[in-house]
Structure formats: structure tokens, C-alpha cells
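Per-entry structural report
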Amino acid sequence: IASNRQARLETQWTSAAQDKGAASLAFVNEVDDEDGPPLPSNFQYLEDRYAYSKGYFHPDQAFFVSCDCFPTCKLRSLCSCQEGLVSSKYPHGIDIIECNKVCIFTYVKHLSDICGLAPKFCSCNKTCINRVSQQPRDVPLEIFKTKGRGWGVRTVEALPAGKLVGRYTGLREEADKPGCHHDFMFDLDGHETSSSTDEDEESYTVDAYKKGNWTRFVNHSCVPNMRVHNVVCESLPEKNTPYIVFVTSKHIPPYSELTIDYDPKATMSLKQIARSSPDSSQCLCGEVGCRKWVAVHF
């Protein structure tokens, strides 16, 4: 039975999600009497977007990648946003370039020759197949108390492999900025399979401690059922500010916990290094082949 605070959180979060057209969220604790998950008193729910720190410079929209597909993108070979992509399966570290927001003048341009205004963004409509991460989350989720691993997230419905479940949201900050909360940070470097980045590149992170959504409760597993991908829209690939999206890597039965690998670069040979790192914790996933230790800073 939901407690008073837990019931209020469920109402508030579901309302904020549904304002964005997303499916419901529920809080479930069948383990103990904890009154909902711990959160800062002024926590702000963000279903599908980042909040930005003061002084953030938004990239010039004139340089956005865009396409002239109308009314929707059909062939990858003819879409400027997808130029050079030969497969719908993206390896880690490769940015997925989605179409940008629809400009209202786009439709006027196509429907009437008397309008001379050029579209600022892509010409395709909001249901375009190259706007997957921009669609409202349609998966009802439960934030539930686990046995021994704090709070987690599980799906109410069965999910097929390749299903995009949602975006990781929070406050977009400069990486390694003092005052960030490492347990809730997700780096936007896009180099999960690389040990280094260009020293001259700007580096950012998303801090979900005071602002964020259900993804802040997704637990680690050494054998996860979701993978992390970078999606670029309303920005430039060179700015290193993609959206982080969670995509299922296998069929997931109803009421299964959703998990990701917090440290996909890790191998069994790194076990001793991880143990000595201040950013690592003992892994409790319980999977066969568990690495025993895991980095807690994504």
C-alpha cells in the first residue's frame, strides 16, 4: 500500500510525465516501510529534456543538420540527417543523428508557393521514423524497492528487443565541476568503448540529483537488459551534448527490473583496479560472471 508521501510522488511524477504525453509512473514498496525513495526536497521532474546551468551557450541553429524530407523520412540514402548510415544497429560511441524540431513555416512552404520563408529545421513531421527518441514514452513503469539494492525501475509490460524506453535527464553541467553529485551523473562524452577523448573537446555531464526523471533509479547489472546510446537533436555532434537514451537489448518480460551497465568498458582484468578506485562500489547484481566491483560514475 502506497504511503502518503509515496502516493504524492506518484501523482506528481505521473502528472508531469503525462503533461509531455508520456505513460504513467508508479511507486511500489513491498519490502519495508520506507516512505518512498530519498529525494531532495526541491526535486524537479524532467520527463524528456535537460535543464541548463547559467551561462550555457546554445549552438547556432543555422548549423544544425537538417533534411528536406516531406512529409516524413523514408529512405536513409536520401535523408541528409542519416547520410552515411548503412545500418539501423548503432555501436556504442556512434552518435545517432535525429531530425530536428519541425518549423511551423515548413508546412507553409510546402503547401503554398507564395511563402518565401525557408524552414529552419527538418521538413519531416513529428511522426517521422527518424524521431524515435522525441516520441513520448509509451511504457508504464514502476519505481520499486528492491531487496538489498535500494530502489530500482521495472516495466509493467513486456518489451521487445530494440525498444527505446526513455531519456536520462537532469542538469547539464561542465564535466568535473565542483558540487556535482557523482552517484547521479552521466557523462556526455560518447566514448563508452574508448579510454580517451580529445583534450581540446568540451566535456559535459548530466547531474540528476536535484532534477531528473525515473532513469536516476535504474540499477547496474553486469548482464544488463538495456544499452545506452547517444542521440543528437537540437544540437551539434561537435558540442558533445547528446541526449542519453536507454534501449532494450533483449526481450524483457513484464515486471522485470530494467538495468544498464554503469561501466561498459570494464573487464574482468580490471577487477583489482576497480576495487581500489574511490568511484567504485561492490556490485550486488548477482549475475553469473558478475565483475564484483562497479564504477558508480557513469
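Just so you know, these numbers come straight off a predicted model, no measurement behind them.

Within the protein chain, the secondary structure is distributed over 3 helices and 17 strands. With 298 residues in all, the protein chain has 47% of them scored as buried. Long-range contacts, defined here as pairs at least 24 residues apart, represent 71% of the contacts in the protein chain between residues at least 6 apart. With an accessible surface of roughly 15,900 Å², the protein chain has 52% of that area assigned to carbon and sulfur atoms.

This part is about the environment of Gln82. Counting through the fold element by element, Gln82 comes out in the loop between strand 3 (51-52) and strand 4 (96-97). Separated by 15 residues in the primary sequence, Gln82 and Ile97 have C-alpha atoms spaced 6.5 Å apart.

This paragraph deals with the confidence of the model for the protein chain. Scored by pLDDT, the protein chain comes out at a mean of 79, with 72% of its residues at no less than 70. Contacts from residues 84-88, a stretch scored under 50 in pLDDT, to residues over four places away or in other chains number 5 contacts. Note that pLDDT drops below 50 for residues 103-119; the model gives that stretch 20 contacts with residues more than four away or on any other chain.

On to the sheet that holds strand 13 (residues 226-232), then. In spatial order, the strands read 4-13-14-7; together these 4 strands make up an open sheet with mixed pairing. With partners counted over all chains shown, the strands left at the sheet margins are strand 4 and strand 7 (164-168), one partner each. As paired elements, strand 7 and strand 14 (residues 243-248) share 4 bridges and run antiparallel to each other. Bridging across to strand 14, Leu164 finds its partner in Val247.

With that settled, the discussion passes to helix 1 (residues 4-19). In a regular helix each residue adds 1.5 Å, so 16 residues correspond to 22 Å; helix 1 covers 23 Å between its end C-alpha atoms and thus fits that length. Listed in full, the buried residues belonging to helix 1 are Gln6, Leu9, Trp13, Thr14 and Ala17. The buried residues of helix 1 occupy one face: seen down the axis, they fall within an arc of 120 degrees. Turned more than 90 degrees from where helix 1 packs its buried face, Asn4, Thr11 and Asp19 sit exposed. Of the surrounding secondary structure, the elements contacted by the buried residues of helix 1 are strand 1 (25-28), strand 2 (44-45), strand 5 (141-145) and strand 6 (151-155). Note on helix 1: the residue one or two positions beyond its end, Gly21, has a positive phi of about 80 degrees.

This paragraph deals with the sheet that holds strand 10 (residues 204-207). Read from one edge to the other, the open sheet built from 4 strands follows the order 3-8-10-9, with strand pairing classed as mixed. Every other strand in the sheet has two partners, leaving strand 3 and strand 9 (185-187) as the edge strands with one partner each. Relative to strand 10, strand 8 (residues 171-174) is paired through 4 bridges, and the arrangement is antiparallel. Paired with Glu174 across the strands is Tyr204, a residue of strand 10.

Analysis parameters
- Residues numbered from 1 in each chain as written.
- Predicted model: local features only at pLDDT ≥ 70, side-chain atom pairs only at ≥ 80, totals over all residues.
- Heavy atoms only, no water.
- Helix = DSSP H or I, 4+ residues; strand = E, 2+ residues; numbered from the N terminus.
- Buried < 20%, exposed > 50% of the residue type's maximum accessible area, 1.4 Å probe, protein only.
- Contact = heavy atoms within 4.5 Å.
- Areas by Shrake-Rupley, 256 points an atom, 1.4 Å probe, with all protein chains shown as cover.
- pLDDT = per-residue confidence, 0-100.
- Pairing = 2+ DSSP bridges.
- Expected span 1.5 Å × (residues − 1).
- Arc of directions from axis to C-beta.

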